[in-house]
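Architecture and fold: a report
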Amino acid sequence: MTTVKRAVVQTLLDCGATTAFTLPGLGITWMLDEFYDRKDQFRVVLTRSEQIASIMAQVYGKLTGRPGVLMGQGPWINTTGGFGILEAYFSGSPMVVLTDTSCYDGFGQHGVYQTMTGDYGAADVRSVLRTMTKFVTYATEPEEAVYGLQLAYKHASLPRQGPAAVVLKTPIIRREIPEAPRARLYPTAGYLNSTPPRPDPAAVATIAGWVAAARAPIIVAGNGLQNERGRAILARVAERAGIAVATSYNGKGVIDETSPVSVGMLGTWGTKSANTSLAAADFVLVLGASLGPDYTGFRNPQLMRPGDQRIVQVDIDPRNAGWVVPVDLAVTADAADVLAALDERDLGVARRTERLEGIRERNAASGFGVLPPTQSAPGTLHYSDIVSALDRFLTPNDMLTLDAGTNRIWVTNALRVRTPGQLVAPGGIGGMGWGLPAAAATKLVHPGRNVVGLIGDGGMAMTMSALMTCVQEGLPITVVVANNDGLGMVRDNQKGKTLASDFSHVDFARIAEGMGCRGIRVDRKDALLDAMTEARGGARPTVIDVAVDPTASHVPASNY
Ligand SMILES: Cc1ncc(C[n+]2csc(CCOP(=O)(O)OP(=O)(O)O)c2C)c(N)n1
Ligand SMILES: [Mg+2]
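The structure contained in this document is the topic of the report that follows.

Calculation rules
- Residues numbered from 1 in each chain as written.
- Chains lettered and ligands numbered in written order.
- Predicted model: local features only at pLDDT ≥ 70, side-chain atom pairs only at ≥ 80, totals over all residues.
- Heavy atoms only, no water.
- Buried < 20%, exposed > 50% of the residue type's maximum accessible area, 1.4 Å probe, protein only.
- Helix = DSSP H or I, 4+ residues; strand = E, 2+ residues; numbered from the N terminus.
- Arc of directions from axis to C-beta.
- Contact = heavy atoms within 4.5 Å.
- Near = heavy atom within 4 Å.
- Polar contact = N/O pair within 3.5 Å; in protein donor to acceptor, adjacent residues only side chain to side chain.
- Areas by Shrake-Rupley, 256 points an atom, 1.4 Å probe, with all protein chains shown as cover.
- Donors = N, O, S within 2.8 Å, 3.2 Å for Na, K, Ca; no water.
- Salt bridge = Lys/Arg side-chain N within 4 Å of Asp/Glu carboxyl O.
- Axes fitted to C-alpha atoms, helices over the stretch in contact; angles between N-to-C directions.
- Parallel < 35°, antiparallel > 145°, perpendicular 65-115°, else oblique.
- Left-handed = near helix turned anticlockwise from the far one by under 90°.
- 1 Å grid on protein atoms, 1.4 Å probe; cavity = no way out; pocket = protein on both sides within 12 Å on 5 of 7 lines; lining within 4 Å.
- Points joined across faces, edges and corners; volume = space filled by probe spheres on them.
- Nonpolar A, V, L, I, M, F, W, Y, C, P; charged D, E, K, R; others polar.

1. A closer look at helix α18 (residues 466–473)
Regarding α18, the residues found buried are A466, L467, T469 and C470. Buried positions in α18, seen along its axis, are confined to an arc of 155 degrees and lie on one side of it. Contacts from the buried residues of α18 go to β3 (43–46), α3 (50–64), α16 (435–445), α17 (457–463), β18 (478–483) and β20 (542–547).

2. Some details on the site of ligand 1
The full set close to ligand 1 counts 19 residues, and T406, N407, D457, G458 and G488 are the nearest of them. Contact between ligand 1 and Y383: an oxygen atom at 2.9 Å from a side-chain N or O atom of the residue. Between ligand 1 and G488 there is a distance of 2.7 Å, counted from an oxygen atom to a backbone nitrogen or oxygen. Taken by itself ligand 1 offers 590 Å² of open surface, and the protein chains cover 76% of this.

3. Some details on the coordination of the magnesium ion (ligand 2)
Note on the magnesium ion (ligand 2): its protein donors are D457 (OD), N484 (OD1) and G486 (O). The metal-donor distances range over 2.0 to 2.1 Å. Given the relative accessible area of 4%, G486 is considered buried.

4. As for the pattern of salt bridges
Evaluated as defined, the whole model comprises 19 salt bridges. The shortest N-O distance in the salt bridge between R521 and D545 comes to 3.1 Å. With R521 in strand β19 (residues 518–522) and D545 in strand β20, this residue pair connects regions lying 24 residues apart in the sequence. Overall, the relative accessible area of 38% leaves R521 in the partly exposed class. For D545, a relative accessible area of 0% gives the class buried. Through salt bridges with shared partners, one network takes in R198, R229 and D337.

5. Description of the packing of helix α14 (residues 383–393) against helix α21 (residues 527–535)
At a minimum axis distance of 9 Å, the contact between α14 and α21 shows a crossing angle of 45 degrees. On the basis of their axis angle, the class for α14 and α21 is oblique. α14 and α21 meet at a crossing whose hand is right-handed. Seen from α14, the contacting residues are I386, A389, L390, R392 and F393; seen from α21, they are L528, L529, M532 and T533.

6. Here's the deal with unusual backbone geometry
For the bond from P159 to R160, the omega torsion is -15 degrees, close enough to zero to count as cis. Looking at where R160 falls in the secondary structure, it is placed in the loop between α7 (142–157) and β7 (163–168). In this structure, L26 is a non-glycine residue whose phi angle is positive, near 20 degrees. Position of L26 among the secondary structure elements: in helix α2 (residues 26–37). Classification of L26 by relative accessible area gives buried; the value is 16%. For L291, which is not glycine, the phi dihedral falls at a positive 65 degrees.

7. Considerations on the packing of helix α9 (residues 201–213) against helix α12 (residues 335–342)
Between α9 and α12, the shortest axis-to-axis distance is 10 Å and the interhelical angle comes to 65 degrees. For the pair α9 and α12, the crossing hand works out as right-handed. Touching V204, I207 and A208 of α9 are V338, A341 and L342, all from α12.

8. Topic: the side chain of T19
Its place among the elements puts T19 in strand β2 (residues 19–23). There is a polar contact of 3.4 Å between the side chain of T19 and the side chain of T18. What T19 contacts, discounting residues up to four positions off in sequence, is F42, R43, V45, Y60, V69 and L444.

9. Description of empty space enclosed by the protein
Summed over all chains, the structure comprises 1 cavity of 30 Å³ or more. Taken as a whole, the largest cavity holds about 40 Å³ of empty space. L390, D391, L394, L415, R416, V417, R418 and Q422 are the residues that line the largest cavity. Residues of the lining of the largest cavity, tallied by class, amount to 4 nonpolar, 1 polar and 3 charged.

This is the structure:
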């Protein structure tokens, strides 16, 4: 005989899970003793809010490619916990959500407070989760908890990855699973088996022929290449054949942006070099990118020209190829597999020098990699000073997480990321407050690397309690707060009639000290690099509160 809670922990382990993020309540609290007994095999990370737990689980999934586990009580998973679930939904990060209906034996229909069964007088945890997950199952029988978790893992892991949820009817958590239930349970592994689709050889041959014939071919690289294999093969193929590489926002940093083939990130907040290179291309190979209006200038007719340019789109999800822009060829495959197959072909390497020269000319003409001149008031820095300090600071062993706001726009626009995979950015909903928990989860996944999180004072105010988890869990991250005493991005758009965007001043360095971190205040341009260098390798998390000129605004350039 085993109980549901014991079987749930065992099933998580069978699925290969080793870590979960939580702020417990009711049904989850009831399970914790089982996690206690498996402490040597399974790490339960305690956060200070479901929002932070959900972000950490999402980033864990994004960076490892395996579902991040989020556990919490129904009402909060559905509210503050929705932040990271929604980010996972939009950004295709694998995640398993384990939650409960928060009800008591036989009282599910009685309107007891917090109840989430969907009954009269109760809220409906399943209905809410359905709006932001790929899969929701509701376990009302003990054996359904185990099978439901197996299925949730399957759904979360298969393309397109994303969040899958198991809702446990709370009273079953402590019940026993019958020895031989009529709905038999089987070992987990067989449910998780899958064979990825392989690229069609005829399609690969067609693509190779079109690349070879192209004068100015370009790859648009997206989220689908953001894995170790994808990043390595992209650089190899593009550099060998002189194919320009532009990225989506989610794809930023998939290639060394100082490589001779890189033209930077597309879109309004991207680089002019990327946009003009896409416009100049005669052949466009889209790899694991949705071609969303966000980074194609809201379907700017100059950038992508179906019928005029030849366009091929490769995506692991057949629905995504030819979704936003009509294409000449849609291929269902892992983009890295297509690149591996292309790597064995000629691709017109004889034109390499000529192609590289074209890329170099366009990059130079659009000032790619050149920071615009800026000024800031005495005792303050401009965002461009932060970008230039990061540019000098980042080594291959550093990771950089971003948040939202003007501070992020400056980095995505003006910082050339040199180490593929180094940048961790919110690519789903892009909510403020994501960056700090994201930095914490990045450090947890990559304990041997130094992790810097750049965040605005607005984002920092939202989730700074993640630092308490960093102290407790031994995650010595560096947080750079671009403190401009307000919601810079909102202010930028207000054009003088400033309302609901100025903050009273906050000293984040002192707050950090109160949480057991180190706090440093920076108000000179040359001090930021020193502060980040000092923080690197420190035993405690460090918060660097940077005085940013409140009048510094986002990059004013026209990017098309
Ligand atoms: C949770 C959330 N609320 C609102 C927004 C809309 N928004 C985008 S940027 C921004 C201002 C960000 O301010 P801050 O974090 O201080 O960064 P700054 O722009 O000042 O660099 C707002 C309100 C958002 N992206 N996320
Ligand atoms: Mg701000």
